[in-house]
Amino acid sequence: DGHVLGRVYFAQAASGGLVKIGWAVNVRRRVIQVACENHMPGLRPLTSVEGIRIDEGRVHRAVKDSRAHVPGRREWFQPTCAVRRVVEAFGGKLL
């Protein structure tokens, strides 16, 4: 259901690496799952904010020009200034 309250999260594996923007009820568990699925053992959460899935889509649209066009990685973004500004607006910092 798109109205379940969870968290929009931002995660990154390495300095200068792609940024995952996702949604989860349990961010810690989801980041571990994404790290395993994408063979990124160093993936770590940067910050998160309470929200519903619609809010995740709004964040994706706000940084759509930074989307990384990598097959199989739909919710990954280049660590551009626009992405940095959004992460910092939610209290985080890129690696």
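Each remark here, short or long, concerns the structure printed above.
Residues numbered from 1 in each chain as written. Predicted model: local features only at pLDDT ≥ 70, side-chain atom pairs only at ≥ 80, totals over all residues. Heavy atoms only, no water.

Undergrad: Break down the overall build of the protein chain for me, citing the residues and quoting the values.
TA: Helix and strand content of the protein chain: 3 helices and 4 strands. If you list the helices and strands of the protein chain from N to C, you get β-β-α-β-α-β-α. Here the protein chain has a C-alpha radius of gyration of 12 Å; the compact-globule value for 95 residues is 12 Å, and the two agree. With respect to the principal axes defined by its C-alpha atoms, the protein chain has extents near 30 × 25 × 25 Å. For the protein chain, restricting intrachain contacts to residue pairs at least 6 apart in sequence, the fraction spanning at least 24 positions comes to 59%. Counting every atom, the protein chain has about 5,600 Å² of accessible surface; 52% of that belongs to carbon and sulfur. The protein chain carries 16 positive and 8 negative side-chain charges, and their two centres are separated by 5 Å. (Helix = DSSP H or I, 4+ residues; strand = E, 2+ residues; numbered from the N terminus. Rg over C-alpha atoms; globule rule 2.2 N^0.38 Å. Contact = heavy atoms within 4.5 Å. Areas by Shrake-Rupley, 256 points an atom, 1.4 Å probe, with all protein chains shown as cover. Lys, Arg positive; Asp, Glu negative; His and termini not counted. Charge placed at Lys NZ, Arg CZ, Asp CG, Glu CD.)

Undergrad: Quick rundown of the packing of aromatic side chains? Include the residues and the values.
TA: A full pass over the atoms with the stated rule returns 1 aromatic pair. One cation-aromatic arrangement involves arginine 73 over tryptophan 76; the distance from NZ or CZ to the ring centre is 5.5 Å. (Phe/Tyr/Trp six-rings, centres within 6.5 Å; stacked < 30°, edge-to-face > 60°. Lys NZ or Arg CZ within 6 Å of the ring centre and 35° of its normal.)

Undergrad: Describe the sheet that holds strand 2 (residues 19–24), with residues and values.
TA: Spatially, the 4 strands line up as an open sheet ordered 3-1-2-4, and their pairing is antiparallel. The open sheet has two edge strands, strand 3 (44–51) and strand 4 (76–77), and neither has a second partner. Looking at chain direction, strand 1 (residues 6–12) and strand 2 are connected through 6 bridges and run antiparallel. From the neighbouring strand, glutamine 12 faces strand 2, where its bridge partner is valine 19. Helix-sheet contacts for helix 1 (residues 27–37) involve strand 1, strand 2, strand 3 and strand 4, and the interaxial angle to strand 1 is about 40°. (Pairing = 2+ DSSP bridges. Axes fitted to C-alpha atoms, helices over the stretch in contact; angles between N-to-C directions.)

Undergrad: Lay out helix 1 with the relevant residues and their values.
TA: Every buried residue of helix 1 is accounted for by Val27, Val31, Val34 and Ala35. Buried residues along helix 1 cover an arc of 100° about the axis, so they all sit on one side. The exposed residues of helix 1 that point more than 90 degrees off its buried face are Arg29 and Cys36. For helix 1, the secondary structure elements touched by its buried residues are strand 1, strand 2, strand 3 and strand 4. Among the residues of helix 1, the N-terminal cap falls to asparagine 26, whose side-chain oxygen and the backbone nitrogen of arginine 28 are separated by 3.3 Å. (Buried < 20%, exposed > 50% of the residue type's maximum accessible area, 1.4 Å probe, protein only. Arc of directions from axis to C-beta. Polar contact = N/O pair within 3.5 Å; in protein donor to acceptor, adjacent residues only side chain to side chain.)

Undergrad: Describe the environment of phenylalanine 77, naming the residues involved and giving the relevant values.
TA: One can find phenylalanine 77 in strand 4. In this structure the C-alpha to C-alpha distance between phenylalanine 77 and glutamine 12, which are 65 residues apart in sequence, comes to 9.8 Å.

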